[in-house]
Amino acid sequence: MGVARKRPATLRSIADQLGLHVSTVSRVINGAVDDGARAASGDTAERIRQLAAELGYRPNPHATSLRTRRSNLIGVLVPRLSDIVLAMIYEGIEEAATERGLSAFVTNTQDDPQTQRTRTKMVLDRRVDGLIFGDAHLDARFLDEIAAQDTPFVLVSRRAGEHPSVTCDDYLGGRLVADHLLASGHEEVAVIAGEPHASTGADRTRGFADRYREAGLELPPEHIVHSHFDTVSGHAATMKLLGAGGRRPSAVFAVNDFAAIGAMGAVRDVGLRVGEEVCVVGFNDTPLAAQLPVPLTSVHSPVHEMGRRAVELLARRLEGETVEPVRLPPTLIARASSGAPAASDD
């Protein structure tokens, strides 16, 4: 004979046991106060909460959604979560969302505009309260369309147009790399500039080039090569740079750590020594950077905090606030790949 299941506690069952109206119980547990409704006294509220805890009462999220017209869901769109930087940003998003009683879910768009449109519609169909885009393109046309629908959203990692965003100060990060290489006497330098549609690569490259220009050194066009943010593309871009006509660059700045790792492989493949004959600098200071055979000099970007701040910004937008862009400060970590002594990372 089967064991009878204990029926879950409901607002009605709690109200019946305490001899109260169900609306009184609902106002205490769910914090919903209707216009003109009296709040329960302190003693009554305490009795309600105590019995709810004893019975293991759990709110029905669907009923709550109908009442508040909020789903407490945040949709997050990223190019690909296999990218460790985006994964670390998402960890920050999920952590901050949980602290606020929100649930976040993520979908990959592969940085493809049509896929971005399709996945955004899918996310919106789930009645999310707001969106966080980690795959913004600089032209911002698609984001302008979403904004016109009055859907609250913020950007993270990348900026676009005038839309609210949380990013690293990528322009400053590029300048920090230039300062570091200029201090070591590097005049012939090159940049693996990343994807042209992404503000991260564009801003880092611009900051780097501007600083060199201020020092009276112009980067030749052939020393700026765009590539994907991965090791294979970084390797191919560096082979192109090292095989280009004119003087070989003595240092290569890759706007992403994985492209920088590919660059280091290319330097070795042509028989040169990383950090001695050709210096390499990356960006984001991923955990792998310090563990490479030749530790990678990189700009530390506060990616986890970026995710947390994006949720904070979105929460403020959901409350009707006007928010300003947030730019988090970067820090350059010098290691052996740019000629820094190994002890400098301790």
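Computed from a predicted model, the values in this text were never measured in an experiment.

Enquirer: Can you walk me through helix α5 (residues 84-99) in this structure?
Expert: Each full turn of the α-helix corresponds to 3.6 residues, which orients residues three or four apart in the same direction. Here α5 is 16 residues long and its end C-alpha atoms lie 23 Å apart, about the 22 Å a rise of 1.5 Å per residue gives. Residues of α5 that are buried include every one of V85, L86, I89, Y90, G92, I93, A96 and A97, and no others. Down the axis of α5, the sector holding all buried residues measures 155 degrees, keeping them to one side. Turned more than 90 degrees away from the buried face of α5 sit T98 and E99, all of them exposed. Turning to α5, the residues buried within the fold contact β1 (73-78), β2 (103-108), β3 (130-133), β4 (153-156), β9 (279-284) and α12 (303-318).

Enquirer: Would you explain unusual backbone geometry in this entry?
Expert: Leave glycine aside and you will find that most residues have negative phi; peptide bonds, for their part, are mostly trans. The phi dihedral of N72 falls on the positive side, at around 60 degrees, and the residue is not glycine. If you trace the backbone, N72 turns up in the loop between α4 (61-68) and β1. Although it is not a glycine, D111 sits at a positive phi angle of roughly 60 degrees. If you trace the backbone, D111 turns up in the loop between β2 and α6 (113-124).

Enquirer: I would appreciate a short explanation of the layout of surface pockets in the present structure.
Expert: Rolled over the atoms, a probe sized like a water molecule indicates the empty space that remains. Of the voids in this model, the largest pocket is the one considered here, and its volume is about 430 Å³. Breaking the lining of the largest pocket down by element, the ones donating at least two residues are α5, α9 (199-214) and α12. Considering each element in turn, the lining of the largest pocket owes the most residues, four residues, to α5. The class makeup of the residues in the lining of the largest pocket is ten nonpolar, eight polar and eight charged.

Enquirer: Teacher, can you tell me more about the nonpolar core here?
Expert: Considering soluble globular proteins, one finds that nonpolar side chains tend to be buried as a cluster. Membership of the largest hydrophobic core comes to 45 residues, with the highest contact counts inside it found for I74, I132 and F208. Not counting the four nearest positions on each side in its chain, I132 is found in contact with I74, G75, V76, L77, I93, V154, V156, A310, V311 and L314. Counting 21 residues, the second-largest nonpolar core is a separate cluster that includes A190, I192, A260 and V267.

Enquirer: I'm lost on the sheet that holds β3 in this one. Help?
Expert: Within a sheet, adjacent strands bond to each other through the backbone by hydrogen bonds, running parallel or antiparallel. One open sheet holds the six strands; their spatial order is β2-β1-β3-β4-β5-β11, and the pairing between them is parallel. Strands with a single pairing partner mark the edges of an open sheet, and in this sheet they are β2 and β11 (326-328). Shown here is a sheet whose adjacent strand axes are inclined to one another by a mean of 20 degrees, direction ignored. On top of the sheet, α6 reaches β1, β2 and β3; it is set at about 155 degrees to β2, its chief contact.

Enquirer: Is there a simple way to think about the sheet that holds strand β7 (residues 224-226) in this case?
Expert: Pairing in this open sheet of six strands is mixed, and the strands run β7-β6-β8-β9-β10-β12 from one edge to the other. The open sheet is flanked by β7 and β12 (331-333), the only strands paired with a single partner. In this sheet, adjacent strand axes meet at a mean angle of 20 degrees when their direction is disregarded. Relative to strand β8 (residues 251-254), strand β6 (residues 189-194) runs parallel, the two being bridged by four bridges. Bridging from a neighbouring strand, V189 pairs with A251 of β8. Against the sheet, helix α8 (residues 170-183) engages β6, β8, β9, β10 (297-300) and β12, with an angle of about 160 degrees to β9.

Enquirer: How should I be thinking about the side chain of N284 in this particular structure?
Expert: For N284, the position within the fold is in strand β9. Not counting the four nearest positions on each side in its chain, N284 is found in contact with V85, R204, N256, D257, S298, V299, H300, S301 and V303.

Enquirer: How do you make sense of the packing of helix α10 (residues 231-243) against helix α11 (residues 257-269) when you look at a structure like this?
Expert: Any two packed helices are characterised by the angle at which their axes cross and by the distance between the axes. Where α10 contacts α11, the axes come no closer than 6 Å and their chain directions differ by 45 degrees. Relative to α11, the element α10 is oriented oblique. As α10 packs across α11, the resulting crossing turns out to be right-handed. Where α10 approaches α11, its residues T231, G234, H235, T238, M239 and L242 are matched on the opposing element by F258, A259, I261, G262, A263, G265, A266, V267 and D269. For the contact of α10 with α11, the class distribution of residues is eight nonpolar, six polar and one charged.

Enquirer: It is not clear to me how the packing of aromatic side chains should be interpreted in this structure. Could you clarify?
Expert: Aromatic rings considered in pairs are described by the distance between their centres and by the relative angle of their planes. One pass over the structure, following the stated rule, counts four aromatic pairs. Both rings, one in F133 and one in F153, keep their centres 5.5 Å apart while their planes meet at 85 degrees; by these two values the pair is edge-to-face. Pair noted here: F133 is in strand β3 and F153 is in strand β4, with a separation of 20 residues, a long-range link. Both residues of the pair, F133 and F153, belong to the buried class. Where F208 meets Y212, the ring centres are 5.0 Å apart and the plane angle is 40 degrees; that geometry is what we call tilted.

About the thresholds
- Residues numbered from 1 in each chain as written.
- Predicted model: local features only at pLDDT ≥ 70, side-chain atom pairs only at ≥ 80, totals over all residues.
- Heavy atoms only, no water.
- Helix = DSSP H or I, 4+ residues; strand = E, 2+ residues; numbered from the N terminus.
- Expected span 1.5 Å × (residues − 1).
- Buried < 20%, exposed > 50% of the residue type's maximum accessible area, 1.4 Å probe, protein only.
- Arc of directions from axis to C-beta.
- Contact = heavy atoms within 4.5 Å.
- 1 Å grid on protein atoms, 1.4 Å probe; cavity = no way out; pocket = protein on both sides within 12 Å on 5 of 7 lines; lining within 4 Å.
- Points joined across faces, edges and corners; volume = space filled by probe spheres on them.
- Nonpolar A, V, L, I, M, F, W, Y, C, P; charged D, E, K, R; others polar.
- Core = buried A, V, L, I, M, F, W, Y, C linked by side-chain atoms within 4.5 Å.
- Pairing = 2+ DSSP bridges.
- Axes fitted to C-alpha atoms, helices over the stretch in contact; angles between N-to-C directions.
- Parallel < 35°, antiparallel > 145°, perpendicular 65-115°, else oblique.
- Left-handed = near helix turned anticlockwise from the far one by under 90°.
- Phe/Tyr/Trp six-rings, centres within 6.5 Å; stacked < 30°, edge-to-face > 60°.

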